[in-house]
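Observations on chain architecture
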Amino acid sequence: MPRCQRTFYRLREGGRVAESGATRWVCPHCPDAEMYETVQGGDLQGYADLAYAFCADGFGPPRDAHRPTLLLLGLHPECAYEPEERRYDIYLQRGSDPWQQRLQIGHEMFHRTCSWGRVFHWSHEMLACMVSVRLLHRHGLPEYARIIEQNWLRDADKLSLAAMQATDLWATSCYPPGFYGRAYAVGVALTEAVGWDRLRPLARRFCPYGAPDVDGWLAGLPPAVRARARAVLSGTGGPGVQ
Ligand SMILES: [Zn+2]
Ligand SMILES: [Zn+2]
């Protein structure tokens, strides 16, 4: 059973929507009784399958590949792991247009395959943003992808590199303005500095206590490449970084 995305309490029994066959839940915890609903229709599910394949191919299959992933409409995009059902729930924002939903699916599918609902770190947001636009380019929406990229790169000015890296993603569900823009700009600069193939392993590089191990990833790079990556991450080099 999905959760209320505000209170994180579980929703109660859902009902079937006769026209679409979707299951719908009305939140019993919030005064405005927002609705949640399973996504019916092959297009978005098909796109989610493509997104999963892209992530499994690019970063390696997740160790819990056998666990199902459910697509839902909700309040905002999110990927949550439900331990009771041993299932991932990917929420899309209700009211989004089909392009926005694809952007959201790409981003959240990265989290499903690499963050497992429990990694909250700027490097994963950076990679999720990069995956989402790469998927749009790859699957027939390059103009929309370019608009998103331009918006993010423009937005990056609203948040400094240091402020983006220092944002506590555990403590807030609403990231500061410019967060995704700055994260994406750093991703672009890092890709230019080290290449996508050397950037990808960062997704699965973790410290013993579970946080992404950026220093460990840097240490594994050839020295000249490492110097370029360090310059990007310290704000002393790379385009779009301040
Ligand atoms: Zn609610
Ligand atoms: Zn994210």
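Residues numbered from 1 in each chain as written. Chains lettered and ligands numbered in written order. Predicted model: local features only at pLDDT ≥ 70, side-chain atom pairs only at ≥ 80, totals over all residues.

1. Remarks on the overall build of the protein
In terms of helices and strands, the protein carries nine helices and six strands. The C-alpha radius of gyration of the protein comes to 18 Å, within 12% of the 18 Å expected for a compact globule of 242 residues. Seen through its C-alpha atoms, the protein measures out along the principal axes to roughly 60 × 40 × 35 Å. A separation of at least 24 residues holds for 54% of the contacts in the protein among residues at least 6 apart in sequence. (Helix = DSSP H or I, 4+ residues; strand = E, 2+ residues; numbered from the N terminus. Rg over C-alpha atoms; globule rule 2.2 N^0.38 Å. Contact = placed C-beta atoms within 7 Å.)

2. Overview of the environment of Ile105
Note on placement: Ile105 falls in helix α2 (residues 98–115). According to the C-beta neighbour criterion, Ile105 is buried, with 27 such atoms within 10 Å. C-alpha of Ile105 to C-alpha of Leu50: the two residues are 55 residues apart in sequence and 10.0 Å apart in space. Not counting residues within four places of it along the chain, the set of residues in contact with Ile105 comprises Leu44, Tyr47, Ala48, Ala51, Ile90 and Leu92. (Buried ≥ 20, exposed ≤ 12 C-beta atoms within 10 Å, placed from the backbone.)

3. Let's talk about the sheet that holds strand β6 (residues 87–93)
Think of a sheet as strands paired side by side through backbone hydrogen bonds, with each pair either parallel or antiparallel. Spatially, β1-β2-β3-β4-β6-β5 is the arrangement adopted by the six strands of the open sheet, whose pairing is mixed. On the outer flanks of this sheet lie β1 (15–16) and β5 (78–82), each paired with one strand and no other. Relative to strand β3 (residues 35–38), strand β2 (residues 23–26) runs antiparallel, the two being bridged by three bridges. Its bridge partner lying in β3, Val26 is registered against Met35. On top of the sheet, α2 reaches β4 (69–74), β5 and β6; it is set at about 155 degrees to β6, its chief contact. (Pairing = 2+ DSSP bridges. Axes fitted to C-alpha atoms, helices over the stretch in contact; angles between N-to-C directions.)

4. Quick word on the nonpolar core
Cys129, Ala183 and Tyr184 are the most contacted members of the largest nonpolar core, which has 56 residues in total. Top contributing element to this core by residue count: helix α6 (residues 179–194), with eleven residues. Apart from the residues within four sequence positions on either side, Tyr184 is in contact with Met126, Cys129, Met130, Trp152 and Leu153. (Core = buried A, V, L, I, M, F, W, Y, C linked by C-beta atoms within 7 Å.)

5. Some thoughts on the domain arrangement of the protein
Along its sequence, the protein is carved into domain 1 (1–118) and domain 2 (119–242). On a C-alpha basis, the centres of domain 1 and domain 2 stand 24 Å from each other. The interface of domain 1 with domain 2 comprises 19 residues on the first partner and 16 residues on the second. When residues in the side of domain 1 that touches domain 2 are grouped by element, the largest group, nine residues, is from α2. Of the residues belonging to the side of domain 1 that touches domain 2, the class tally is eleven nonpolar, six polar and two charged. (Domains from an automatic or database assignment. Nonpolar A, V, L, I, M, F, W, Y, C, P; charged D, E, K, R; others polar.)

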